[in-house]
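# Breakdown of the fold
Take a look at the letters that make up each chain.
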Amino acid sequence: MPEQQKILVTRSSMPSFEEYCEEIRDLWDTRWLTNSGAKHERLKAEIAQYLNVPHADLFVNGHNALECVIEALELGKDGRTEVITTPFTFISTTNAIVRKGLTPVFCDVKENDYTLDPAKIEALITPKTCAIVPVHVYGNVCDVDAIAAIAKKYNLKVIYDAAHAFGVRVNGEGVASFGDASMFSLHATKVFHSIEGGLVAHDSDELSVRLSQWRNYGITSTETADYVGGNLKMNEFAAAMGLCNLRHLEGEIVKRKVVCERYWDALEQLPGVKVCRPAEGIQSNYAYLPVVFDPQVFGATRDDVCDALAANNIFARKYFYPLTSDFACYGGAFDSSLTPVAKRLAGQVLTLPLYADLSLEDVDRICSIVSQVGKAC
Ligand SMILES: *Cc1c(COP(=O)(O)O)cnc(C)c1O
């Protein structure tokens, strides 16, 4: 058999070399390379329009965007320091909360779409709760109405980690219109990216000013600094990549959809295998391909599937395993058995390779390997 090329879980989309060069050409004239340059401003406006939100404040990456919005909303300042969130996410979500001096309180997720289970939130609310940080995990949209109702009842802020959800629409409405703010990651592995980058989408003029100050060392005018901020600015070369990629985003999403449907049609046939099709009314961005294996029914474990694929030079990822609450860096402060659905999912989920240019032949080959693992064990 000929040596087969490695297939990784994702492959960054890129414009043509010529298109990017054309986009950055004038930087050699202007010599304005960062600090809210022309490309930064244009990307900000184009993203705000695309997401249909008043503000899309750009950052060096998604993680720092999340930390910055926590700072700018002054979470914790009134003595309320607990944040209800999900452990079934990328470590960034939990780290942002902890690094800003807040305490994550982990709530379990829903069986069907792996997002925060609103029915389990209220039991976790205490007088110290200040916010909810839910995650639109894999681009699956949280139960935004139920979360909004709880937040209103208990006077809590809601910050969505929408890192996976750029371009997702809910009954025609952009996913960025929920909560007090939504963080999007523009990391190279995301559906839409600026190499490294991130943004906070929201509708508050005041928050926008604060974010821009917090993002730039807390400087509020040439001779004043009101906050102890860091440097979280997006540069012009990153913004140029974002401008190019935004032109091609709709086409990328259409190609991803074809790949996803090929996977779903094949994998759904297998006993003990669950795929995650977009819910009713959701226009997906087809960001990830999570598959959940029930070993009792499937006959093999998630790890068996992952190993069999790796033996064929196909590299799936155990997203999300372990739960963030189980990471050693938190020193055993959390008990993941209190989020049993998330715990079980983390042991059964595998995210399969997905990108716009993944060939349908490769998808068929991956599905066939998965199917053989189930039969063989
Ligand atoms: C990618 C990601 C982040 C962090 O974004 P960066 O741009 O990589 O800093 C945060 N949360 C989730 C769920 C992510 O997938």
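Residues numbered from 1 in each chain as written. Predicted model: local features only at pLDDT ≥ 70, side-chain atom pairs only at ≥ 80, totals over all residues. Heavy atoms only, no water.

### Side note on the pairing of strand E1 (residues 55–59)
Taken across its five residues, E1 has five buried, putting it largely inside the fold. Residues of E1 alternate between two faces, with His55, Asp57 and Phe59 on one and Ala56 and Leu58 on the opposite face, all of them buried. Sheet topology note: the E1/strand E9 (residues 198–202) ladder contains five bridges and is antiparallel. Paired with Ala56 across the bridge in E9 is Ala201. (Buried < 20%, exposed > 50% of the residue type's maximum accessible area, 1.4 Å probe, protein only. Helix = DSSP H or I, 4+ residues; strand = E, 2+ residues; numbered from the N terminus. Pairing = 2+ DSSP bridges.)

### A word on the environment of Ala287
Mapping Ala287 onto the fold places it in the loop between strand E13 (282–283) and strand E14 (290–293). The buried category is assigned to Ala287, whose relative accessible area is 9%. Distance from Ala287 to Val170, taken between C-alpha atoms, is 15 Å for residues 117 residues apart in sequence. Ignoring sequence-local partners within four residues, the contact set of Ala287 consists of Tyr138, His164, Val191, Arg256 and Leu354. (Contact = heavy atoms within 4.5 Å.)

### Brief notes about the nonpolar core
The biggest cluster of nonpolar side chains holds 94 residues, and the ones touching the most others in it are Ile47, Phe88, Phe166 and Leu267. With 11 residues, the top contributor of residues to this core is helix H8 (residues 236–267). For Ile47, the residues in contact, after removing those within four places along its chain, are Asn52, Ala56, Leu58, Phe166, Leu186, Phe192, Leu199 and Leu246. Counting residues in hydrophobic clusters, the runner-up holds 26 residues, among them Phe59, Leu75, Ala163 and Met183. (Core = buried A, V, L, I, M, F, W, Y, C linked by side-chain atoms within 4.5 Å.)

### Points about the packing of helix H10 (residues 302–311) against helix H12 (residues 360–376)
Orientation of H10 relative to H12, taken along the N-to-C sense of each, is 130°, at an axis distance of 9 Å. Compared by their axis directions, H10 and H12 come out oblique. Classified by chirality, the crossing of H12 by H10 is right-handed. Contacts between H10 and H12 involve Asp304, Val305, Ala308 and Leu309 from the first element and Ile366, Ile369, Val370 and Val373 from the second. Grouping the constituent residues of the contact of H10 with H12 by class yields seven nonpolar, no polar and one charged. (Axes fitted to C-alpha atoms, helices over the stretch in contact; angles between N-to-C directions. Parallel < 35°, antiparallel > 145°, perpendicular 65-115°, else oblique. Left-handed = near helix turned anticlockwise from the far one by under 90°. Nonpolar A, V, L, I, M, F, W, Y, C, P; charged D, E, K, R; others polar.)

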